[in-house]
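Now for the letters of each chain:
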Amino acid sequence: MGTELRAFLEIPYDQLEEMNLEAKSERLARTPRDKVGQKRMKYLADEKRIKAVTVCFADLEGRLHMLDYDKKFLLKAADNLTFDGSSIRGFSQQAESDLRLSIDWPAFYWLPSDIFGPGKVLVFADVLEKDGSPYIADMRAKFKAYLDGLYKRDGMTCNAANEIEGFLFKGRDAERRYYETGGFEFPSTGGYYHSLPGDALRLFIDTSAEVQRAMGFANEKDHPEVAPSQFEMNYGYTEASIAADQILLYKLICRQVAAKFDMTASFLPKPATGINGSGMHTNMSVSQKGRNLFWDPRGQDKLSKLGWKFIDRILTAGQDLCLAFNSSVNSYRRLDPHFEAPNQIKASPVDRGSMVRIPLGNEKSARIEMRSIAPDANPYLALYCLFRTGFSGPIEKDSGEKRRDRTKFLPDNIYDAIRLFKSSKYAVDLLGETVHKRYADLKVIQADRCPKALGTFIKAPEIQFHHEVTNQYLWSKF
(Lines give C-alpha, C1' and ligand atoms only; values in the text may rest on other atoms or scores of the structure.)
Protein backbone atom coordinates (compact mmCIF):
# COMPACT_ATOMS: atom_id res chain seq x y z
CA MET A 1 0.00 0.00 0.00
CA GLY A 2 1.41 3.39 -0.93
CA THR A 3 2.06 5.89 1.84
CA GLU A 4 0.07 8.50 -0.10
CA LEU A 5 -3.10 6.53 0.68
CA ARG A 6 -2.63 6.78 4.44
CA ALA A 7 -2.37 10.55 5.02
CA PHE A 8 -1.24 10.19 8.65
CA LEU A 9 -0.04 13.21 10.61
CA GLU A 10 3.53 14.36 9.90
CA ILE A 11 4.62 17.67 11.43
CA PRO A 12 7.85 19.56 10.53
CA TYR A 13 10.39 19.77 13.35
CA ASP A 14 10.08 23.54 13.86
CA GLN A 15 6.32 23.27 14.32
CA LEU A 16 6.76 20.28 16.62
CA GLU A 17 9.04 22.32 18.86
CA GLU A 18 6.51 25.15 19.08
CA MET A 19 3.65 22.76 19.89
CA ASN A 20 5.60 20.81 22.51
CA LEU A 21 6.96 23.95 24.17
CA GLU A 22 3.43 25.36 24.39
CA ALA A 23 2.24 22.13 26.04
CA LYS A 24 5.20 22.31 28.42
CA SER A 25 4.38 25.91 29.35
CA GLU A 26 0.82 24.88 30.23
CA ARG A 27 2.21 22.20 32.47
CA LEU A 28 4.63 24.62 34.13
CA ALA A 29 1.76 27.03 34.71
CA ARG A 30 -0.11 24.18 36.48
CA THR A 31 -3.09 24.45 34.18
CA PRO A 32 -5.78 22.16 35.67
CA ARG A 33 -5.55 18.61 34.39
CA ASP A 34 -9.26 18.47 33.45
CA LYS A 35 -9.01 21.66 31.41
CA VAL A 36 -5.97 20.36 29.52
CA GLY A 37 -7.71 17.02 29.05
CA GLN A 38 -10.73 18.61 27.40
CA LYS A 39 -8.43 20.54 25.07
CA ARG A 40 -6.39 17.47 24.12
CA MET A 41 -9.43 15.25 23.55
CA LYS A 42 -11.00 17.89 21.31
CA TYR A 43 -7.73 18.10 19.38
CA LEU A 44 -7.62 14.32 18.95
CA ALA A 45 -11.23 14.23 17.82
CA ASP A 46 -10.69 17.03 15.29
CA GLU A 47 -7.32 15.86 13.93
CA LYS A 48 -8.29 13.08 11.54
CA ARG A 49 -4.67 12.24 10.66
CA ILE A 50 -3.85 10.79 14.11
CA LYS A 51 -4.32 7.01 14.22
CA ALA A 52 -3.03 6.05 17.69
CA VAL A 53 -2.05 7.41 21.09
CA THR A 54 0.96 5.89 22.86
CA VAL A 55 0.21 5.80 26.60
CA CYS A 56 3.26 5.40 28.88
CA PHE A 57 3.88 4.49 32.50
CA ALA A 58 6.92 3.37 34.51
CA ASP A 59 7.31 0.34 36.75
CA LEU A 60 9.02 0.25 40.14
CA GLU A 61 12.48 -0.11 38.59
CA GLY A 62 11.93 2.78 36.18
CA ARG A 63 11.39 0.73 33.04
CA LEU A 64 9.17 2.51 30.52
CA HIS A 65 6.06 0.61 29.38
CA MET A 66 4.04 1.75 26.36
CA LEU A 67 0.60 0.81 25.09
CA ASP A 68 -0.75 2.02 21.74
CA TYR A 69 -4.47 2.78 21.83
CA ASP A 70 -6.50 3.34 18.71
CA LYS A 71 -7.50 7.00 18.87
CA LYS A 72 -11.22 6.43 18.44
CA PHE A 73 -11.23 3.76 21.13
CA LEU A 74 -9.26 5.97 23.51
CA LEU A 75 -11.68 8.87 23.11
CA LYS A 76 -14.55 6.58 24.12
CA ALA A 77 -12.77 4.65 26.88
CA ALA A 78 -10.26 7.12 28.40
CA ASP A 79 -11.94 6.78 31.82
CA ASN A 80 -11.72 2.98 31.81
CA LEU A 81 -8.27 1.91 30.63
CA THR A 82 -7.10 -1.27 32.35
CA PHE A 83 -4.07 -3.57 32.15
CA ASP A 84 -2.68 -6.69 33.80
CA GLY A 85 -0.46 -5.47 36.62
CA SER A 86 0.80 -8.97 37.46
CA SER A 87 2.83 -8.90 34.22
CA ILE A 88 4.83 -5.90 35.52
CA ARG A 89 7.66 -6.78 37.91
CA GLY A 90 7.14 -5.04 41.24
CA PHE A 91 3.45 -4.36 40.62
CA SER A 92 0.39 -6.38 41.69
CA GLN A 93 0.17 -10.09 42.46
CA GLN A 94 -1.61 -12.49 40.10
CA ALA A 95 -4.68 -12.74 42.35
CA GLU A 96 -5.20 -8.98 42.23
CA SER A 97 -3.80 -8.20 38.81
CA ASP A 98 -6.19 -5.65 37.29
CA LEU A 99 -4.95 -2.06 37.43
CA ARG A 100 -6.15 1.14 35.76
CA LEU A 101 -4.44 3.91 33.81
CA SER A 102 -5.42 7.54 34.26
CA ILE A 103 -4.11 9.71 31.44
CA ASP A 104 -2.00 12.65 32.62
CA TRP A 105 -3.09 14.97 29.81
CA PRO A 106 -0.61 17.80 30.61
CA ALA A 107 2.25 15.30 29.96
CA PHE A 108 1.45 15.17 26.24
CA TYR A 109 3.98 15.08 23.37
CA TRP A 110 3.81 15.35 19.61
CA LEU A 111 6.31 12.94 18.02
CA PRO A 112 8.67 13.29 15.04
CA SER A 113 7.15 10.98 12.42
CA ASP A 114 10.48 9.94 10.89
CA ILE A 115 11.58 8.44 14.22
CA PHE A 116 8.34 7.21 15.81
CA GLY A 117 6.17 6.73 12.74
CA PRO A 118 3.45 9.01 11.36
CA GLY A 119 0.07 9.59 12.98
CA LYS A 120 1.09 9.07 16.63
CA VAL A 121 1.22 11.18 19.78
CA LEU A 122 2.48 10.20 23.24
CA VAL A 123 1.11 10.84 26.72
CA PHE A 124 2.07 9.67 30.22
CA ALA A 125 -0.40 8.05 32.60
CA ASP A 126 -0.77 7.43 36.32
CA VAL A 127 -1.42 3.90 37.60
CA LEU A 128 -4.53 3.42 39.73
CA GLU A 129 -6.04 0.64 41.81
CA LYS A 130 -9.31 -0.97 40.70
CA ASP A 131 -11.24 1.52 42.88
CA GLY A 132 -9.49 4.52 41.27
CA SER A 133 -7.14 5.30 44.17
CA PRO A 134 -3.41 5.89 43.45
CA TYR A 135 -1.45 2.66 43.07
CA ILE A 136 1.10 2.25 45.83
CA ALA A 137 4.05 1.26 43.59
CA ASP A 138 3.59 4.04 41.01
CA MET A 139 6.53 6.27 41.94
CA ARG A 140 5.67 8.79 39.21
CA ALA A 141 2.32 9.58 40.81
CA LYS A 142 3.85 9.56 44.30
CA PHE A 143 6.54 12.03 43.23
CA LYS A 144 4.05 14.34 41.51
CA ALA A 145 1.78 14.30 44.58
CA TYR A 146 4.72 15.23 46.81
CA LEU A 147 5.73 18.14 44.56
CA ASP A 148 2.13 19.36 44.34
CA GLY A 149 1.90 19.28 48.13
CA LEU A 150 5.05 21.38 48.48
CA TYR A 151 3.73 23.93 46.02
CA LYS A 152 0.28 24.19 47.63
CA ARG A 153 1.65 24.41 51.17
CA ASP A 154 4.75 26.58 50.72
CA GLY A 155 4.64 27.89 47.16
CA MET A 156 7.88 26.02 46.45
CA THR A 157 8.81 24.66 43.02
CA CYS A 158 11.47 21.95 42.76
CA ASN A 159 13.65 22.14 39.66
CA ALA A 160 15.98 19.58 38.13
CA ALA A 161 18.26 19.12 35.14
CA ASN A 162 19.91 15.81 34.33
CA GLU A 163 23.18 15.15 32.51
CA ILE A 164 22.58 11.67 31.14
CA GLU A 165 25.54 9.79 29.72
CA GLY A 166 25.27 6.72 27.52
CA PHE A 167 27.19 4.55 25.07
CA LEU A 168 26.68 3.81 21.39
CA PHE A 169 27.47 0.26 20.22
CA LYS A 170 27.57 -1.29 16.77
CA GLY A 171 24.65 -3.55 15.88
CA ARG A 172 21.07 -3.66 17.11
CA ASP A 173 20.30 -5.32 20.44
CA ALA A 174 23.98 -5.39 21.37
CA GLU A 175 23.15 -5.84 25.07
CA ARG A 176 20.82 -8.78 24.50
CA ARG A 177 23.45 -10.45 22.32
CA TYR A 178 26.23 -9.95 24.87
CA TYR A 179 26.15 -13.64 25.85
CA GLU A 180 27.13 -14.42 22.24
CA THR A 181 29.72 -11.71 21.65
CA GLY A 182 31.23 -11.28 25.13
CA GLY A 183 31.87 -7.61 24.42
CA PHE A 184 30.75 -4.44 22.67
CA GLU A 185 32.10 -2.87 19.50
CA PHE A 186 32.54 0.91 19.60
CA PRO A 187 31.75 2.80 16.37
CA SER A 188 33.85 5.81 17.46
CA THR A 189 36.96 6.35 19.59
CA GLY A 190 37.22 10.12 19.27
CA GLY A 191 37.08 10.96 22.98
CA TYR A 192 36.00 13.99 24.97
CA TYR A 193 34.54 16.80 22.83
CA HIS A 194 36.21 15.21 19.81
CA SER A 195 34.62 13.41 16.89
CA LEU A 196 34.67 14.08 13.19
CA PRO A 197 31.54 15.87 11.93
CA GLY A 198 30.40 12.89 9.86
CA ASP A 199 31.34 9.92 12.02
CA ALA A 200 28.75 7.53 13.44
CA LEU A 201 28.71 8.97 16.95
CA ARG A 202 28.34 12.55 15.73
CA LEU A 203 25.50 11.62 13.36
CA PHE A 204 23.73 9.81 16.20
CA ILE A 205 24.16 12.76 18.59
CA ASP A 206 23.00 15.28 15.97
CA THR A 207 19.89 13.27 15.12
CA SER A 208 18.98 12.58 18.75
CA ALA A 209 19.47 16.23 19.68
CA GLU A 210 17.17 17.31 16.82
CA VAL A 211 14.45 14.97 18.10
CA GLN A 212 14.85 16.23 21.67
CA ARG A 213 14.64 19.83 20.51
CA ALA A 214 11.48 19.06 18.55
CA MET A 215 9.96 17.50 21.67
CA GLY A 216 10.50 20.64 23.73
CA PHE A 217 13.57 19.65 25.75
CA ALA A 218 15.12 23.15 25.40
CA ASN A 219 18.55 21.89 24.30
CA GLU A 220 21.75 23.49 25.57
CA LYS A 221 24.77 21.50 24.32
CA ASP A 222 25.77 18.01 23.25
CA HIS A 223 29.11 16.28 22.83
CA PRO A 224 31.07 13.02 22.88
CA GLU A 225 32.19 12.07 26.38
CA VAL A 226 35.54 10.77 27.70
CA ALA A 227 35.08 7.06 26.97
CA PRO A 228 34.93 5.61 23.43
CA SER A 229 31.52 6.09 21.79
CA GLN A 230 30.16 7.75 24.93
CA PHE A 231 27.74 10.65 24.58
CA GLU A 232 25.94 13.31 26.59
CA MET A 233 23.21 15.71 25.44
CA ASN A 234 22.32 18.51 27.86
CA TYR A 235 19.05 20.38 28.01
CA GLY A 236 17.54 23.07 30.23
CA TYR A 237 16.38 22.69 33.81
CA THR A 238 12.65 22.47 34.44
CA GLU A 239 10.11 21.54 37.09
CA ALA A 240 11.19 18.23 38.62
CA SER A 241 8.26 16.03 37.54
CA ILE A 242 8.76 17.15 33.93
CA ALA A 243 12.50 16.53 34.30
CA ALA A 244 11.80 12.96 35.44
CA ASP A 245 9.58 12.30 32.41
CA GLN A 246 12.29 13.73 30.14
CA ILE A 247 14.82 11.22 31.48
CA LEU A 248 12.72 8.32 30.21
CA LEU A 249 12.00 10.13 26.95
CA TYR A 250 15.72 10.92 26.48
CA LYS A 251 16.57 7.24 26.70
CA LEU A 252 13.66 6.24 24.48
CA ILE A 253 14.73 8.77 21.83
CA CYS A 254 18.35 7.61 21.94
CA ARG A 255 17.41 3.95 21.57
CA GLN A 256 15.01 4.68 18.75
CA VAL A 257 17.51 6.82 16.84
CA ALA A 258 20.32 4.28 17.35
CA ALA A 259 18.10 1.51 15.97
CA LYS A 260 17.56 3.62 12.84
CA PHE A 261 21.34 3.51 12.35
CA ASP A 262 21.52 -0.25 13.11
CA MET A 263 23.23 0.48 16.39
CA THR A 264 22.41 0.29 20.11
CA ALA A 265 22.18 3.16 22.59
CA SER A 266 23.01 1.73 26.01
CA PHE A 267 22.59 3.17 29.49
CA LEU A 268 24.55 0.49 31.26
CA PRO A 269 26.59 2.39 33.85
CA LYS A 270 29.85 0.52 33.09
CA PRO A 271 29.70 -1.65 29.95
CA ALA A 272 33.48 -2.06 29.67
CA THR A 273 36.31 -2.03 32.19
CA GLY A 274 39.31 0.26 31.83
CA ILE A 275 37.22 3.24 30.69
CA ASN A 276 34.93 5.79 32.32
CA GLY A 277 31.40 4.70 33.14
CA SER A 278 28.15 6.58 32.54
CA GLY A 279 26.44 8.67 35.19
CA MET A 280 23.34 10.81 35.44
CA HIS A 281 24.48 13.93 37.29
CA THR A 282 21.36 15.53 38.70
CA ASN A 283 21.27 19.29 39.28
CA MET A 284 18.64 20.50 41.74
CA SER A 285 17.35 23.83 42.97
CA VAL A 286 14.25 25.14 44.72
CA SER A 287 12.42 28.35 43.87
CA GLN A 288 9.64 30.35 45.50
CA LYS A 289 7.82 33.13 43.65
CA GLY A 290 10.61 33.14 41.07
CA ARG A 291 13.42 33.45 43.67
CA ASN A 292 16.16 30.79 43.82
CA LEU A 293 16.20 29.65 47.46
CA PHE A 294 19.61 28.02 47.09
CA TRP A 295 21.37 31.31 46.29
CA ASP A 296 23.09 33.39 48.95
CA PRO A 297 25.96 35.67 47.83
CA ARG A 298 27.27 35.68 51.41
CA GLY A 299 26.90 31.96 52.05
CA GLN A 300 29.63 29.32 51.90
CA ASP A 301 30.31 28.72 48.19
CA LYS A 302 27.44 31.22 47.63
CA LEU A 303 24.93 28.60 48.72
CA SER A 304 22.12 29.41 51.17
CA LYS A 305 21.58 27.74 54.56
CA LEU A 306 18.64 25.89 53.02
CA GLY A 307 20.95 24.60 50.29
CA TRP A 308 23.55 23.38 52.80
CA LYS A 309 20.92 21.69 54.98
CA PHE A 310 19.62 20.04 51.83
CA ILE A 311 23.12 18.68 51.17
CA ASP A 312 23.69 17.59 54.78
CA ARG A 313 20.50 15.53 54.80
CA ILE A 314 21.40 13.84 51.48
CA LEU A 315 24.88 12.99 52.81
CA THR A 316 23.39 11.57 56.01
CA ALA A 317 21.12 9.27 53.99
CA GLY A 318 23.78 8.46 51.37
CA GLN A 319 24.40 4.85 52.34
CA ASP A 320 20.76 4.08 53.17
CA LEU A 321 19.52 5.28 49.78
CA CYS A 322 22.44 4.27 47.56
CA LEU A 323 20.36 1.40 46.14
CA ALA A 324 17.74 3.87 44.89
CA PHE A 325 20.41 5.82 42.99
CA ASN A 326 22.54 2.85 41.86
CA SER A 327 20.02 0.11 41.26
CA SER A 328 21.82 -2.51 39.16
CA VAL A 329 24.75 -4.86 39.67
CA ASN A 330 26.64 -3.08 36.89
CA SER A 331 26.19 0.37 38.45
CA TYR A 332 28.66 -0.50 41.24
CA ARG A 333 31.44 -0.92 38.70
CA ARG A 334 31.01 2.77 37.96
CA LEU A 335 31.74 3.74 41.59
CA ASP A 336 35.45 3.23 40.93
CA PRO A 337 37.68 6.11 42.13
CA HIS A 338 40.16 5.57 39.27
CA PHE A 339 37.64 6.93 36.75
CA GLU A 340 36.37 10.18 38.33
CA ALA A 341 33.67 8.18 40.10
CA PRO A 342 31.72 10.02 42.84
CA ASN A 343 31.95 7.36 45.55
CA GLN A 344 32.83 9.63 48.50
CA ILE A 345 30.01 10.71 50.83
CA LYS A 346 30.96 14.36 51.02
CA ALA A 347 30.28 17.69 49.33
CA SER A 348 32.75 19.86 47.46
CA PRO A 349 32.75 22.71 44.93
CA VAL A 350 35.74 21.18 43.10
CA ASP A 351 36.32 17.51 43.98
CA ARG A 352 34.54 15.41 41.35
CA GLY A 353 34.91 12.29 43.48
CA SER A 354 32.39 13.76 45.91
CA MET A 355 28.81 12.52 46.03
CA VAL A 356 27.56 16.11 45.95
CA ARG A 357 29.16 19.01 44.08
CA ILE A 358 28.35 22.71 44.33
CA PRO A 359 28.74 24.07 40.79
CA LEU A 360 29.76 27.67 40.19
CA GLY A 361 26.53 29.63 39.91
CA ASN A 362 24.73 32.93 40.25
CA GLU A 363 21.33 34.11 41.46
CA LYS A 364 19.62 32.27 38.62
CA SER A 365 21.76 29.13 38.34
CA ALA A 366 22.77 28.34 41.96
CA ARG A 367 22.16 24.65 42.50
CA ILE A 368 23.56 21.45 43.93
CA GLU A 369 24.68 18.52 41.79
CA MET A 370 24.12 14.94 42.92
CA ARG A 371 26.76 12.92 41.07
CA SER A 372 26.28 9.42 42.47
CA ILE A 373 23.30 8.44 40.30
CA ALA A 374 23.54 5.89 37.52
CA PRO A 375 21.56 6.42 34.28
CA ASP A 376 19.54 3.23 34.87
CA ALA A 377 17.97 4.50 38.12
CA ASN A 378 14.20 4.96 38.33
CA PRO A 379 14.07 8.76 37.84
CA TYR A 380 10.87 9.19 39.84
CA LEU A 381 12.17 7.13 42.75
CA ALA A 382 15.58 8.83 42.71
CA LEU A 383 14.27 12.40 42.52
CA TYR A 384 11.57 11.72 45.11
CA CYS A 385 14.22 10.38 47.50
CA LEU A 386 16.50 13.36 46.86
CA PHE A 387 13.96 16.15 47.27
CA ARG A 388 12.07 14.65 50.19
CA THR A 389 15.33 13.79 51.96
CA GLY A 390 16.74 17.25 51.24
CA PHE A 391 13.73 18.91 52.86
CA SER A 392 12.94 16.61 55.74
CA GLY A 393 15.51 13.82 56.08
CA PRO A 394 17.56 13.30 59.26
CA ILE A 395 20.88 15.10 59.84
CA GLU A 396 23.73 13.51 61.77
CA LYS A 397 24.69 15.26 64.98
CA ASP A 398 28.31 16.06 64.09
CA SER A 399 29.08 19.46 62.58
CA GLY A 400 28.18 20.14 58.95
CA GLU A 401 31.74 21.07 57.99
CA LYS A 402 33.10 17.76 59.28
CA ARG A 403 30.37 15.77 57.54
CA ARG A 404 30.91 17.56 54.22
CA ASP A 405 34.68 17.03 54.18
CA ARG A 406 35.25 13.62 55.72
CA THR A 407 36.24 10.56 53.71
CA LYS A 408 33.41 8.04 53.87
CA PHE A 409 32.42 5.85 50.96
CA LEU A 410 29.34 4.53 49.23
CA PRO A 411 28.94 0.74 48.92
CA ASP A 412 31.10 -0.80 46.19
CA ASN A 413 28.75 -3.70 45.43
CA ILE A 414 25.00 -4.23 45.25
CA TYR A 415 24.90 -6.73 48.14
CA ASP A 416 26.16 -4.15 50.63
CA ALA A 417 23.78 -1.56 49.16
CA ILE A 418 20.83 -3.96 49.57
CA ARG A 419 21.84 -4.72 53.17
CA LEU A 420 22.03 -1.02 54.06
CA PHE A 421 18.73 -0.28 52.29
CA LYS A 422 16.86 -3.18 53.91
CA SER A 423 18.06 -2.29 57.41
CA SER A 424 17.28 1.43 57.05
CA LYS A 425 14.29 2.64 59.06
CA TYR A 426 14.50 5.91 57.14
CA ALA A 427 14.15 4.14 53.77
CA VAL A 428 11.04 2.35 55.10
CA ASP A 429 9.56 5.65 56.34
CA LEU A 430 10.35 7.30 53.01
CA LEU A 431 8.86 4.66 50.69
CA GLY A 432 6.42 2.84 52.90
CA GLU A 433 6.85 -0.74 54.08
CA THR A 434 5.24 -2.38 51.03
CA VAL A 435 7.19 -0.51 48.33
CA HIS A 436 10.43 -0.74 50.34
CA LYS A 437 10.11 -4.53 50.53
CA ARG A 438 9.08 -4.96 46.89
CA TYR A 439 11.99 -2.86 45.64
CA ALA A 440 14.51 -4.66 47.87
CA ASP A 441 13.17 -8.05 46.76
CA LEU A 442 13.57 -7.08 43.08
CA LYS A 443 17.17 -6.06 43.69
CA VAL A 444 17.95 -9.31 45.56
CA ILE A 445 16.61 -11.34 42.61
CA GLN A 446 18.75 -9.31 40.21
CA ALA A 447 21.85 -9.60 42.39
CA ASP A 448 21.48 -13.35 42.91
CA ARG A 449 21.57 -13.94 39.14
CA CYS A 450 24.99 -12.29 38.93
CA PRO A 451 28.44 -12.99 40.37
CA LYS A 452 28.80 -11.66 43.92
CA ALA A 453 32.39 -10.59 43.32
CA LEU A 454 32.50 -8.18 40.39
CA GLY A 455 36.08 -9.01 39.41
CA THR A 456 37.90 -7.29 36.56
CA PHE A 457 35.82 -8.56 33.64
CA ILE A 458 32.26 -7.59 32.75
CA LYS A 459 30.15 -10.71 33.29
CA ALA A 460 27.35 -11.70 30.91
CA PRO A 461 24.70 -12.00 33.67
CA GLU A 462 25.12 -8.38 34.79
CA ILE A 463 24.38 -7.31 31.21
CA GLN A 464 21.68 -9.87 30.42
CA PHE A 465 19.76 -9.30 33.64
CA HIS A 466 20.20 -5.55 33.68
CA HIS A 467 16.65 -4.33 34.31
CA GLU A 468 16.61 -2.03 31.29
CA VAL A 469 17.79 -4.76 28.91
CA THR A 470 16.12 -8.02 29.77
CA ASN A 471 12.64 -9.17 28.81
CA GLN A 472 10.05 -11.36 30.46
CA TYR A 473 10.79 -14.32 28.20
CA LEU A 474 14.43 -14.38 29.27
CA TRP A 475 13.67 -13.95 32.97
CA SER A 476 11.12 -16.78 32.92
CA LYS A 477 13.88 -19.23 31.97
CA PHE A 478 15.52 -18.85 35.42
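Please read these numbers as outputs of a predicted model, since none were measured by experiment.

Draft legend 1. Up close: helix H2 (residues 33-46). With 14 residues, H2 extends 20 Å from end C-alpha to end C-alpha; this agrees with the ideal 20 Å at 1.5 Å per step. Those residues of H2 not exposed but buried are Val36, Gly37, Arg40 and Leu44. Buried residues of H2, seen end-on, are gathered within an arc of 100° and therefore sit on one face of the element. Exposed positions of H2 whose direction lies more than 90 degrees from the buried face are Asp34, Lys35, Gln38 and Lys42.

Draft legend 2. Representation of the pattern of salt bridges within the structure. Applying the stated criterion across every chain, the model contains 34 salt bridges. Residues Arg140 and Asp126 are paired through a salt bridge, measuring 3.0 Å at the closest nitrogen-oxygen approach. In this pair, Arg140 sits in helix H5 (residues 139-154) while Asp126 sits in strand S5 (residues 120-128), placing the two residues 14 residues apart along the sequence. Judged by relative accessible area, Arg140 falls into the buried class, the value being 2%. With relative accessibility at 8%, the residue Asp126 sits in the buried group.

Draft legend 3. Spatial organisation of the pairing of strand S13 (residues 344-348). Burial analysis of S13 places 5 of its 5 residues in the buried class, which makes it a mostly covered element. Both S13 and strand S14 (residues 354-357) contribute to a ladder of 3 bridges, which runs parallel. Counterpart to Ala347 in the pairing with S14 is Val356.

Draft legend 4. Highlighting the packing of aromatic side chains. All told, the structure shown has 23 aromatic pairs when counted by the stated rule. Ring centres of Tyr43 and Trp110 lie 5.5 Å apart, and the angle between their planes is 80°; on these two criteria the pair is classed as edge-to-face. One end of the pair, Tyr43, is in helix H2; the other, Trp110, is in strand S4 (residues 98-110), with 67 residues separating them in the sequence. With a relative accessible area of 7%, Trp110 lands in the buried category. Following the ring pairs from residue to residue traces out a cluster consisting of Phe204, Phe217, Phe231, Tyr235, Tyr250 and Phe267. Above the ring of Tyr151, the side-chain terminus of Arg30 is found at 3.9 Å from the ring centroid. Geometry around Phe465 places Arg449 over its ring, the cationic atom sitting 5.8 Å from the centre.

Draft legend 5. Expanded view of the packing of helix H1 (residues 13-28) against helix H8 (residues 240-260). Close contact between H1 and H8 brings their axes to 10 Å; oriented N to C, the two are set at 140°. Put simply, H1 runs oblique to H8. Facing H1, whose interface residues are Lys24, Arg27 and Leu28, H8 presents Ser241, Ile242, Asp245 and Gln246. For the contact of H1 with H8, a count of residues per class yields 2 nonpolar, 2 polar and 3 charged.

Draft legend 6. Representation of the sheet that holds strand S3 (residues 81-84) in the model. With mixed pairing, the 5 strands of this open sheet are ordered in space as S2-S1-S5-S4-S3. Looking along the sheet, the strands with just one partner apiece sit at the ends: strand S2 (64-70) and S3. Geometrically, the sheet is characterised by an average inter-axis angle of 40° between neighbouring strands, direction not taken into account. Note: strand S1 (residues 52-58) against S2, 7 bridges, orientation antiparallel. Counted as the bridge partner of Val53 is Tyr69 from S2. The sheet strands contacting H5 are S4 and S5, and the helix crosses S5 at an angle near 80°.

Draft legend 7. Looking closely at the environment of Arg357. Turning to its location among the elements, Arg357 is positioned in strand S14. Sequence separation between Arg357 and Glu369 is 12 residues; the distance between their C-alpha atoms is 5.0 Å. Those residues in contact with Arg357 that lie beyond four places of it in its chain are Ser348, Pro349, Arg352, Ile368, Glu369 and Arg371. At a separation of 2.6 Å, a polar atom in the side chain of Arg357 contacts the side chain of Glu369.

Draft legend 8. Representation of the side chain of Thr238 in the model. The topology assignment puts Thr238 in strand S9 (residues 238-239). If we skip the residues at most four places from it in the chain, Thr238 touches Lys24, Leu28, Cys158, Asn159, Ala160, Ala243 and Gln246.

Draft legend 9. Focus on the packing of H5 against helix H12 (residues 379-392). Here H5 crosses H12 at 30°, and the two axes come no closer than 9 Å. When the axis of H5 is compared with that of H12, the two are roughly parallel. Where H5 crosses over H12, the handedness of that crossing is left-handed. On the side of H5, the interface is formed by Met139, Arg140, Lys142, Phe143, Tyr146 and Leu150, while H12 contributes Tyr380, Leu381, Leu383, Tyr384, Phe387, Arg388 and Phe391. Here the contact of H5 with H12 is composed, by residue class, of 10 nonpolar, no polar and 3 charged.

Draft legend 10. Structural context of unusual backbone geometry. Located in the positive-phi region is Asp173, a residue other than glycine, with phi close to 55°. Residue classification places Asp173 among the partly exposed residues on the basis of a relative accessible area of 41%. Phi at Lys289 is positive, roughly 55°, even though this residue is not glycine.

Draft legend 11. Geometry of H5. The end-to-end C-alpha distance of H5 is 22 Å, a good match for the 22 Å that 16 residues give at a rise of 1.5 Å each. Those residues of H5 not exposed but buried are Met139, Arg140, Ala141, Phe143, Lys144, Tyr146, Leu147 and Leu150. The distance from a side-chain oxygen at the start of H5 to the backbone nitrogen of Arg140 is 3.2 Å, and the residue carrying that oxygen is Asp138. Following H5 by one or two positions, Gly155 adopts a phi angle in the positive range, close to 70°.

How each quantity is defined
- Residues numbered from 1 in each chain as written.
- Predicted model: local features only at pLDDT ≥ 70, side-chain atom pairs only at ≥ 80, totals over all residues.
- Heavy atoms only, no water.
- Helix = DSSP H or I, 4+ residues; strand = E, 2+ residues; numbered from the N terminus.
- Expected span 1.5 Å × (residues − 1).
- Buried < 20%, exposed > 50% of the residue type's maximum accessible area, 1.4 Å probe, protein only.
- Arc of directions from axis to C-beta.
- Salt bridge = Lys/Arg side-chain N within 4 Å of Asp/Glu carboxyl O.
- Pairing = 2+ DSSP bridges.
- Phe/Tyr/Trp six-rings, centres within 6.5 Å; stacked < 30°, edge-to-face > 60°.
- Lys NZ or Arg CZ within 6 Å of the ring centre and 35° of its normal.
- Axes fitted to C-alpha atoms, helices over the stretch in contact; angles between N-to-C directions.
- Parallel < 35°, antiparallel > 145°, perpendicular 65-115°, else oblique.
- Contact = heavy atoms within 4.5 Å.
- Nonpolar A, V, L, I, M, F, W, Y, C, P; charged D, E, K, R; others polar.
- Polar contact = N/O pair within 3.5 Å; in protein donor to acceptor, adjacent residues only side chain to side chain.
- Left-handed = near helix turned anticlockwise from the far one by under 90°.

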